[in-house]
Amino acid sequence: MAEVKQIARPTPYASKADFGQIFHEDMNGLYLLSFLLTADREKAEQCFVSGLEDAVEGSPVFKEWARSWARRAIIQNAVRVIDPRPVEGSGGLRSPSVNGNGQPMPPEMPLEIAAVLGLEPFERFVYVMTVLERYSDQECSVLLGCARRDVLAARTRALQQLGSAVELHFRQLSPASGLHERSTSVLELPVLHV
């Protein structure tokens, strides 16, 4: 009888080693995502580690989806830790020198990051998820457990606040720095690529 040869096919699912490699290669970006969501270094670390554990121990995921799944695991952990909810009257403008938790920002923090961290938690989550991570409004509302209209309103407030923060920053610069006072629209706001 002829010997039957088995063809070894590559597994279509991401392995634990694949996720370990993703978290190692994308460590800075994944930690930044976690930090932007939580606005707290300790909680960001917690979400990063929990995200790795969830990605490794979770349901099988196609290899092609592993990177986005790792980011999603971080987002889900941040939602669990922070529990951002739309609050009536939220969205007040904070100084970019104070984060959404009311803690002072380190002076060396880049303006773009400080401005995002200065948003209220719900607005910050919506901005990071829909603008930086490009989640749909529907997907964002499902992950945050809120209505789609809350996501739309929060993103609008976040963009207005970020535009105001950048404008305030430019107004505070002295003419000696070479930058003159000018109006900055939200459309000119630099986009963070996380």
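This text follows the structure it describes.
My aim in this report is to walk through the structure given alongside it, one point at a time. Since this is a predicted model, take the numbers as computed values, not measurements.

## Description of the overall build of the protein
- Of the regular secondary structure elements, the protein holds eight helices and zero strands.
- Moving toward the C terminus, one meets the helices and strands of the protein in the order α-α-α-α-α-α-α-α.
- Buried positions account for 42% of the 194 residues belonging to the protein.
- Across the protein, contacts joining residues at least 24 apart in sequence account for 66% of those joining residues at least 6 apart.
- Roughly 11,300 Å² of accessible area belongs to the protein as shown, and the carbon and sulfur atoms make up 54% of that amount.

## A word on the packing of helix α3 (residues 41–57) against helix α4 (residues 66–82)
- Their axes nearest at 8 Å, the elements α3 and α4 cross at an angle of 130 degrees. Between α3 and α4, the interaxial angle falls into the category oblique. For the crossing formed where α3 meets α4, the hand is right-handed. Contacts from K43, Q46, C47, F48, S50, G51 and D54 of α3 reach α4 at A73, I74, N77, A78, R80, V81 and I82.
- For the contact of α3 with α4, a count of residues per class yields seven nonpolar, four polar and three charged.

## Thoughts on unusual backbone geometry
- At A39, a position not held by glycine, the phi torsion is positive, near 60 degrees.
- Along the polypeptide, A39 turns up in the loop between α2 (27–38) and α3.
- You will see that D83, though not glycine, has its phi angle at about 50 degrees, which is positive.
- Along the chain, D83 turns up in the loop between α4 and α5 (111–117).
- In this structure D83 comes out as partly exposed when scored by relative accessible area, which is 41%.

## Comments concerning α3
- A rise of 1.5 Å per residue sets the reference length of α3, with its 17 residues, at 24 Å; its end C-alpha atoms lie 24 Å apart and thus fit the reference within 8%.
- The set of residues buried in α3 consists of A44, C47, F48, S50, G51 and A55.

## Details of a nonpolar patch on the surface
- Side chains of Y13, F62 and W65 sit close together on the surface and give an oily, nonpolar patch of about 320 Å² of accessible area.
- Inspection of the secondary structure puts F62 in the loop between α3 and α4.

## Digging into the environment of A158
- Structurally, A158 is set in helix α8 (residues 148–172).
- A158 gets classed as buried once you look at its relative accessible area, which sits at 0%.
- Separated by 32 residues in sequence, A158 and V126 place their C-alpha atoms 8.1 Å apart.
- Not counting chain neighbours up to four residues away, the residues in contact with A158 comprise L119, E123 and Y127.

## Notes on the pattern of salt bridges
- Summed over the entire model, instances satisfying the criterion amount to 12 salt bridges.
- In this structure, the salt-bridge partner of K63 is D18, at a minimum N-O distance of 3.9 Å. Placement of the pair is K63 in the loop between α3 and α4 and D18 in helix α1 (residues 16–25), with a sequence separation of 45 residues.
- Judged by its relative accessible area of 38%, K63 is partly exposed.
- Among the ionic pairs, R155 bridges to D137, the shortest N-O distance being 2.5 Å. Placement of the pair is R155 in helix α8 and D137 in helix α7 (residues 137–144), with a sequence separation of 18 residues. D137 carries the same exposure label as R155, and that label is buried.
- Here the salt bridges do not stand alone but share partners, grouping E25, D26 and R67 into one network.

Reading the values: rules and limits
- Residues numbered from 1 in each chain as written.
- Predicted model: local features only at pLDDT ≥ 70, side-chain atom pairs only at ≥ 80, totals over all residues.
- Heavy atoms only, no water.
- Helix = DSSP H or I, 4+ residues; strand = E, 2+ residues; numbered from the N terminus.
- Buried < 20%, exposed > 50% of the residue type's maximum accessible area, 1.4 Å probe, protein only.
- Contact = heavy atoms within 4.5 Å.
- Areas by Shrake-Rupley, 256 points an atom, 1.4 Å probe, with all protein chains shown as cover.
- Axes fitted to C-alpha atoms, helices over the stretch in contact; angles between N-to-C directions.
- Parallel < 35°, antiparallel > 145°, perpendicular 65-115°, else oblique.
- Left-handed = near helix turned anticlockwise from the far one by under 90°.
- Nonpolar A, V, L, I, M, F, W, Y, C, P; charged D, E, K, R; others polar.
- Expected span 1.5 Å × (residues − 1).
- Patch = residues over 30% accessible without salt bridge, like charges linked within 9 Å, V, L, I, M, F, W, Y side chains within 5 Å.
- Salt bridge = Lys/Arg side-chain N within 4 Å of Asp/Glu carboxyl O.

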